[in-house]
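If you want the building blocks of each chain, they are given just below.
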Amino acid sequence: MKEKTLNAGENASQRSGSVTVLAIETSCDETAAAVVRRDAAGTGHILSNVVRSQWAEHAPYGGVVPEIAARAHLACLDDIVAEALSTAGADHDHIDLIAATAGPGLVGGLLVGLNFAKGLALATGKPVVPINHLEGHALTCGLTDQVRPPFLLLLVSGGHTQTILVEAVGHYRRIGTTIDDALGEAFDKTAKLLDLGAPGGPAVEKMAATGNGDAIPLPRPMVGRAEPNFSFAGLKTAVRRAAQAASKTSDEQQPADIAETSVADICASFQMAVGDVVVDRTRHAMGVFEATTRDDENRKTLVVAGGVAANQNLRDRLTDLCDATGYRLVAPPLSLCSDNAAMIGWAAAERWASGLIDLDSEIGFTQTARARWPLDADAEPVLGHGRLGAKA
Ligand code: KG4
Ligand code: ZN
């Protein structure tokens, strides 16, 4: 481990030197801790990245139960943080900042992680840095591919589906968002409907691999629209109808009893529709991005982030789109698409380097957990968006 390089009292608008961050992520159903270093050249190093999934605890209920999530975070966070420190070969003396996700997400879990971070910060005399989970996803490309703003971001996760103009660290302008379900939610509901288990996205992707994407006609909501938003509720309803049509049981209360080939065709057709919608909406956002961005070097960079960015079919479709439009596509490795604490630590390091963290201030201690915390606070709310518990 490198020695501590950060001096309390530093408040320059751009900071140099290296910074080492211990980060905690507990916004949904993964308990995660990581140690990340940003060196003086601005390069990121993941010294440890520990993620514990809670799926086994939630599986009997068919979805994430907020109360169970909070308790499960509480039960293991101590061990996860200790593992992150020991894997990194670090003790508290090596850590400059303690970062924790403060939102958006499930408040119970957020409170567990954020209060743990505050306690640790008080005990060790380090600053605590509350981080927006979405900013973690948004900036991961700097950690993995050295990609810095400005760039166009397609954020696709369990609670969000947005196109965002990332102007600089801390400066985000939303272009489009979903007016109803998030894309990850649509994958999860499709999986539930077809009795594929959880997590839904990977299960649908696996089944789709053996299906025919042209087998079932499904709608392409919002395609061709002049407005920039997404919608997936109609697609979900169409998938339900297709499942009912293919089911051998007429009782809607029972799990649909569908032949495996039909399930594969529904999944493949769903993925095909999703690809068409995302490509169309991203192409629309590219037009907005090009009209508003002047930086030539980065001008044509599309970053895809969030859990659904792990979907290979979507990555292939975006690769084709970028080939056709002259964009560079940047997609994090699969392990950094889904929720993790390395991205939270990196966001804290980037905010520190950009002079957005006042080390002398107690502000980190006063900020509390936020169920909703949009990246672009000035963006207009859209009709229908904002389901309870969504990471909006
Ligand atoms: O970013 P994330 O881990 O958590 C949130 O911030 O929401 O995203 C989780 C979402 C879930 O809906 C999950 O089903 C979806 O990402 N997901 C996928 C895949 N892997 C995860 N969706 C489609 N294909 C995948 N391979
Ligand atoms: Zn996430």
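Whatever comes next refers back to the structure up there.
Residues numbered from 1 in each chain as written. Chains lettered and ligands numbered in written order. Predicted model: local features only at pLDDT ≥ 70, side-chain atom pairs only at ≥ 80, totals over all residues. Heavy atoms only, no water.

Turning our eyes to something else, we now look at the sheet that holds strand β9 (residues 301-305). On the basis of which strands lie adjacent, the open sheet formed by five strands has the order β8-β7-β6-β9-β10 and mixed pairing. Because the sheet does not close on itself, it has two edges, and the strands there are β8 (171-177) and β10 (328-330). Taking the axes of each pair of neighbouring strands and ignoring which way they run, one obtains an average angle of 25° across the sheet. Pairing of strand β7 (residues 161-168) with β8 involves six bridges; the strand directions are antiparallel. What sits directly across from Ile164, in β8, is Arg174. Packed onto the sheet, helix α8 (residues 260-292) meets β6 (151-156), β7, β8 and β9 and runs at close to 150° relative to β6. Across the sheet, helix α9 (residues 312-325) is in contact with β6, β9 and β10; its angle to β10 comes to roughly 160°. (Pairing = 2+ DSSP bridges. Helix = DSSP H or I, 4+ residues; strand = E, 2+ residues; numbered from the N terminus. Axes fitted to C-alpha atoms, helices over the stretch in contact; angles between N-to-C directions. Contact = heavy atoms within 4.5 Å.)

Now for the side chain of Ser27. If you trace the backbone, Ser27 turns up in the loop between β1 (19-25) and β2 (30-38). What makes Ser27 buried here is its relative accessible area of 0%. In terms of polar contacts, Ser27 uses its side chain to reach the side chain of His133, at 3.3 Å. (Buried < 20%, exposed > 50% of the residue type's maximum accessible area, 1.4 Å probe, protein only. Polar contact = N/O pair within 3.5 Å; in protein donor to acceptor, adjacent residues only side chain to side chain.)

Here the focus is the coordination of the zinc ion (ligand 2). At this site the zinc ion (ligand 2) is bound by His133 (NE2), His137 (NE2) and Asp339 (OD), with donor distances of 2.1 Å. Donor residues binding the zinc ion (ligand 2) come from one chain and are separated in sequence as H-x3-H-x201-D. A residue pair is termed long-range when its members are at least 10 positions apart, and His137 in helix α4 (residues 133-145) and Asp339 in the loop between β10 and α10 (342-353) qualify at 202 residues. The two residues His137 and Asp339 agree in class, both being buried. (Donors = N, O, S within 2.8 Å, 3.2 Å for Na, K, Ca; no water.)

Contact geometry for helix α2 (residues 66-88) and helix α3 (residues 107-124): axes closest at 9 Å, N-to-C directions at 30°. As summarised for this structure, α2 and α3 are arranged roughly parallel, according to the angle between their axes. Like other packed secondary-structure pairs, α2 and α3 cross with a definite hand, here right-handed. The segment α2 lies against α3, with Ala70, His73, Leu74, Leu77, Asp78 and Val81 engaging Gly108, Gly109, Val112, Gly113, Phe116 and Leu120. Its residues assigned to classes, the contact of α2 with α3 shows seven nonpolar, four polar and one charged. (Parallel < 35°, antiparallel > 145°, perpendicular 65-115°, else oblique. Left-handed = near helix turned anticlockwise from the far one by under 90°. Nonpolar A, V, L, I, M, F, W, Y, C, P; charged D, E, K, R; others polar.)

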